[in-house]
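# Descriptive analysis of the structure
Now for the letters of each chain:
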Amino acid sequence: MLEYPTIDKIVRREQCYVFDKIDGSNIRAEWNREKGFWKFGRRHGLLDASTPILLRAPQLIEWKYKLAVARALKSARVHKAVLFFEFYGEHSFAGNHDVTDIHDVILIDASFDMKTLVEPREFCKVFSEVQHVTLLAHQQFSAELESAIRSNFGWGDISLHEGVVCKTNSGLRFKVKTDAWLEKLHTFCAGNDKLFKELE
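Parameters at a glance
- Residues numbered from 1 in each chain as written.
- Predicted model: local features only at pLDDT ≥ 70, side-chain atom pairs only at ≥ 80, totals over all residues.
- Heavy atoms only, no water.
- Pairing = 2+ DSSP bridges.
- Helix = DSSP H or I, 4+ residues; strand = E, 2+ residues; numbered from the N terminus.
- Axes fitted to C-alpha atoms, helices over the stretch in contact; angles between N-to-C directions.
- Contact = heavy atoms within 4.5 Å.
- Buried < 20%, exposed > 50% of the residue type's maximum accessible area, 1.4 Å probe, protein only.
- Salt bridge = Lys/Arg side-chain N within 4 Å of Asp/Glu carboxyl O.

## Some words on the sheet that holds strand β1 (residues 15-21)
- Reading across the sheet, the 4 strands line up as β6-β1-β7-β8 and stay open at both edges, with antiparallel pairing between neighbours. Looking at which strands have only one partner, the edges of the open sheet turn out to be β6 (135-140) and β8 (173-177). Put simply, the sheet's adjacent strands are angled 25 degrees from each other on average, direction ignored.
- Across the sheet, helix α3 (residues 143-151) is in contact with β1, β6, β7 (163-167) and β8; its angle to β8 comes to roughly 50 degrees.

Given below as structure tokens:
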């Protein structure tokens, strides 16, 4: 099953779709018209007892997305896909989860050829009636936009969870984190620079 690629941290001044970045764990779900959702994985490898809290994800995906995804993909004449979700709770942070939380999942990306991610324009079109991660803006990425992301200011009623993921229709993707999230990560890593680099 296709794994979700690592997203670059190098900012590019290009026209892009800016999506809210949820602080959680990446979950993969393979879907086809005959079986629906039938295979589930974490970022690397399939779901198993080594990450027991993530075993909550398949039931959440089935309950929340089974019918809506089937309608959307059949309408788009897609016969099979890998869908990517973020699994998270109120106290989730840097891939760690509180077992006492009520957890949720949110659709963040998809592949229809099982090899590459769909461009953001197609993602938004196909899943227009399906709950997915919030599209915050579609514009040229500027210094002003980067400042608004890092300071988490100017988003109206929306407070960024972790930062944003920016996607272009040419396949370029990069992420920008808020200063507050990075400061929290510094505290969490307690001087472990290697861990900080892995999680940032």
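## Overview of the pairing of β1
- Of all 7 residues that make up β1, 6 are buried, and the element is covered over most of its length.
- Two elements, β1 and β6, share 5 bridges in a ladder whose sense is antiparallel. In the sheet register, Y17 faces β6, and the bridge partner there is H138.
- Both β1 and β7 contribute to a ladder of 5 bridges, which runs antiparallel. From the neighbouring strand, V18 faces β7, where its bridge partner is C166.

## With respect to unusual backbone geometry
- Even without being a glycine, A94 presents a positive backbone phi close to 50 degrees.
- For A94, a relative accessible area of 14% corresponds to the buried category.
- We note that A190 has phi near 50 degrees; this positive angle belongs to a residue other than glycine.
- Summarising the element assignment, A190 is placed in the loop between α4 (179-189) and α5 (193-199).

## A word on the pattern of salt bridges
- Applying the stated criterion across every chain yields a total of 12 salt bridges.
- Residue E162 pairs with K21 through a salt bridge whose shortest N-O separation is 3.4 Å. Of this pair, E162 sits in the loop between α3 and β7 while K21 sits in strand β1, placing them 141 residues apart in sequence. Comparing E162 with K21, the two get one shared label, buried.
- The closest approach of N and O atoms between D109 and R173, which form a salt bridge, is 2.5 Å. Placement of the pair is D109 in strand β5 (residues 104-111) and R173 in strand β8, with a sequence separation of 64 residues.
- The exposure class assigned to D109 is buried, which follows from its relative accessible area of 1%.

## Notes on the sheet that holds β5
- The antiparallel open sheet is built from 4 strands, whose spatial order is β3-β2-β4-β5. The open sheet is flanked by β3 (36-41) and β5, the only strands paired with a single partner. Between one strand axis and the next, the sheet turns by 30 degrees as a mean value, whatever way the strands run.
- Where strand β4 (residues 80-88) and β5 come together, 7 bridges link them in antiparallel fashion. Counterpart to F84 in the pairing with β5 is D109.
- The sheet contacts of helix α1 (residues 57-75) involve β2 (25-32), β3, β4 and β5, and relative to β5 the element is tilted by about 45 degrees.

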